[in-house]
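# Remarks on the overall topology
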2 protein chains.
Amino acid sequence: MEARLSQVDIAVDGVELGATLLSPAATFPGVLFVHGWGGSQVHDLVRAREVVGLGAVCLTFDLRGHERHLALKSDVSRAQNMADLEAAYDWLAMHPLVDRDAIAVVGISYGGYLGALLTTRRPVRWLALRSPAIYPDGDWDAPKVSLNADPSLHGYRRDRIAADANLALAACHAFAGDVLLVAASDDEIVPRPVTNNYERAFEHARSITSRVIDGADHAFTEKQHQTQYTALLVSWLRELVLGTREHSARQAVADAKERIKRGE
Amino acid sequence: MEARLSQVDIAVDGVELGATLLSPAATFPGVLFVHGWGGSQVHDLVRAREVVGLGAVCLTFDLRGHERHLALKSDVSRAQNMADLEAAYDWLAMHPLVDRDAIAVVGISYGGYLGALLTTRRPVRWLALRSPAIYPDGDWDAPKVSLNADPSLHGYRRDRIAADANLALAACHAFAGDVLLVAASDDEIVPRPVTNNYERAFEHARSITSRVIDGADHAFTEKQHQTQYTALLVSWLRELVLGTREHSARQAVADAKERIKRGE
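Predicted model only: the values in this text are computed from it and were never measured. (Residues numbered from 1 in each chain as written. Chains lettered and ligands numbered in written order. Predicted model: local features only at pLDDT ≥ 70, side-chain atom pairs only at ≥ 80, totals over all residues. Heavy atoms only, no water.)

## With respect to the environment of A:Ile10
Inspection of the secondary structure assignment puts A:Ile10 in strand 1 (residues 4-12). Along the backbone, A:Ile10 and A:Gly138 are 128 residues apart, and their C-alpha atoms lie at a distance of 66 Å. Apart from residues no more than four positions distant in its own chain, A:Ile10 is found in contact with A:Val15, A:Glu16, A:Leu17, A:Ala19, B:Leu59, B:Ala87, B:Ala88 and B:Trp91. (Helix = DSSP H or I, 4+ residues; strand = E, 2+ residues; numbered from the N terminus. Contact = heavy atoms within 4.5 Å.)

Structure (structure tokens):
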């Protein structure tokens, strides 16, 4: 996302006026939304349209086991959904409007879990996780539904888990970008110990913004909680997207002043 | 500034995932800065680099009678500086990165006066005036410096002037876009009656944001007043630029939902 500064001459009445054009790069940050298990891309569109306002390109998609590929629901594995996410990421990163050095991943629940894992496989600069789910690492190719059927999952989500004891947490531990972590105070599916594990894991993050939405359940059923989450996400992305562009413009101006000083 | 929504298919493992790309237009709003008499484009660069952060293309330039063309100072007329401004506007509006339906003009003092007049000659969507100067309409081709030498100017700037009694005020009266008007409480050059005349003239503006910076003089000599002005300007432009892009994305999403509903 490189801003450009050019000294230009503008002709008028036979003279040339000195002018300076300062423009943002012609590419935009890319924001990839990953819905939760049982969700769909439609819900993400509400947030995507606000994020487009910041000057970002948004991609939403449906994981296998949902919508068009609902028939695969009982069979689809984490490995397959991870491949879905990688394919969506690659599609977005290849888009000519997208600055591939400025890609955000925004995941909810199972989508947050996959998003965390993606950071070890693809460059992710900004990572937003709402109520990210967690599963033991084993049986990576087993049907995803079988994981939730496992009675030990309930206890696993109440445990304190070290970052090196779970691949998603290990990914967070290694993550060096900016993080938004949003938890729901009344979440029975992904209770607070899970988000606490995530929060502790982000030891090397460039920044972390961690919030708990009071009174919200896992699905953010109430409209006001949805609104609060959207506002948090958009304000976090606004700071990063606008801040990055401004930083780049600041650099371009400083470089130009330096060149003038050196008499170039 | 039209956002685009496209339904796309993303291939993975022999299936196609349903996905939606929501992207801002590949053009940016254009922001044209007009410095005051005795000023130069360099001062505007500080603000321009922040405005680039919003995702806008900024152009600053030096009016004739300044910098490279300082020798013309005693001869240059309003007519010539108006031609300078038109030339700069046209250059910006022709730039391939610029959305010519979303051009802002940001003028200070004499630059604000010229900016107000420009709205009758070129499409301006957003107009920001800081301490806009005012002059009687006559002697349009006389040297600009002769206007300030006229002893009646002092009284003219203390009078209540109707919008139809001055071309710049008439331009403001006809202006239908959004307005930011910033006055300095301790301005001796452009005292409050002038900015009050401007404010009253903007009867048909889509919105008006009018502020007085307490303790500031005409030149905004103190750093804190400069900072306040920059913050006001950037926050005003942020609302408009981001709001317009978001509105456009919202429309794109609504249109897509409508198409789906109709079974297209």
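## So, the sheet that holds strand 8 (residues 207-213) of chain A
An order of 8(A)-7(A)-6(A)-5(A)-3(A)-4(A)-2(B)-1(B) is seen for the 8 strands of this open sheet, with the pairing classed as mixed. Taken across any chain shown, the strands that pair with only one partner, and hence form the sheet edges, are strand 8 of chain A together with strand 1 (4-12) of chain B. Neighbour to neighbour, the strand axes of the sheet diverge by 20° on average, direction disregarded. Summarising the sheet, strand 4 (residues 57-61) of chain A and strand 2 (residues 15-23) of chain B pair through 4 bridges and their orientation is antiparallel. The residue of strand 2 of chain B that forms the bridge with A:Phe61 is B:Ala19. On the sheet, helix 1 (residues 41-53) of chain A packs against strand 3 (28-34), strand 4, strand 5 (98-108) and strand 6 (126-130) of chain A together with strand 2 of chain B and is oriented at approximately 30° with respect to strand 2 of chain B. On the sheet, helix 2 (residues 78-94) of chain A packs against strand 3, strand 4 and strand 5 of chain A together with strand 1 and strand 2 of chain B and is oriented at approximately 130° with respect to strand 1 of chain B. (Pairing = 2+ DSSP bridges. Axes fitted to C-alpha atoms, helices over the stretch in contact; angles between N-to-C directions.)

## Quick word on the packing of helix 6 (residues 167-174) of chain A against helix 7 (residues 192-201) of chain A
Look at helix 6 of chain A against helix 7 of chain A: their axes get within 8 Å of each other, and the N-to-C directions meet at 35°. Contacts between helix 6 of chain A and helix 7 of chain A involve A:Ala168, A:Leu169, A:Cys172 and A:His173 from the former and A:Asn197, A:Tyr198 and A:Ala201 from the latter.

## Remarks on the pattern of salt bridges
Summed over all chains, the structure comprises 19 salt bridges over all chains. Of the charged contacts in the structure, one is a salt bridge between A:Arg47 and A:Asp44, with a shortest N-O distance of 3.7 Å. In this pair, A:Arg47 and A:Asp44 are both assigned in helix 1, 3 residues apart and thus about one turn of the helix distant. Of the two residues, A:Arg47 and A:Asp44, both sit in the buried class. Across the pair B:Asp84 and B:Arg64 runs a salt bridge, and its minimum N-O distance is 2.7 Å. Of the two residues, B:Asp84 is situated in helix 2 (residues 78-94) and B:Arg64 in the loop between strand 4 (57-61) and helix 2; the sequence distance between them amounts to 20 residues. (Salt bridge = Lys/Arg side-chain N within 4 Å of Asp/Glu carboxyl O. Buried < 20%, exposed > 50% of the residue type's maximum accessible area, 1.4 Å probe, protein only.)

## Focus: the relation of the copies chain B and chain A
You can overlay chain B on chain A at an RMSD of 0.0 Å; the transform is a turn of 180° with a shift of 0.0 Å along its axis. Accordingly, the operation relating the two chain copies is best matched by a two-fold axis. Looking at the rotation axis and the C-alpha trace of chain B, the residue lying nearest is B:Gly55, at 3.1 Å. A shared interface surface links the copies, since 100% of the contact residues of chain B are contact residues in chain A too. (Least-squares fit on C-alpha atoms with pLDDT ≥ 70 in both.)

## Focus on the packing of helix 1 (residues 41-53) of chain B against helix 8 (residues 223-261) of chain B
Residues and elements named next belong to chain B. At a closest axis distance of 10 Å, the pairing of helix 1 and helix 8 adopts a crossing angle of 30°. By the angle between their axes, helix 1 is roughly parallel relative to helix 8. Judged by the sense of rotation from one axis to the other, the crossing of helix 1 with helix 8 is right-handed. From helix 1, Arg47, Glu50 and Val51 reach across to helix 8, where they touch Gln226, Tyr229, Thr230, Leu233, Val234 and Leu237. Taken together, the residues that form the contact of helix 1 with helix 8 break down as 5 nonpolar, 2 polar and 2 charged. (Parallel < 35°, antiparallel > 145°, perpendicular 65-115°, else oblique. Left-handed = near helix turned anticlockwise from the far one by under 90°. Nonpolar A, V, L, I, M, F, W, Y, C, P; charged D, E, K, R; others polar.)

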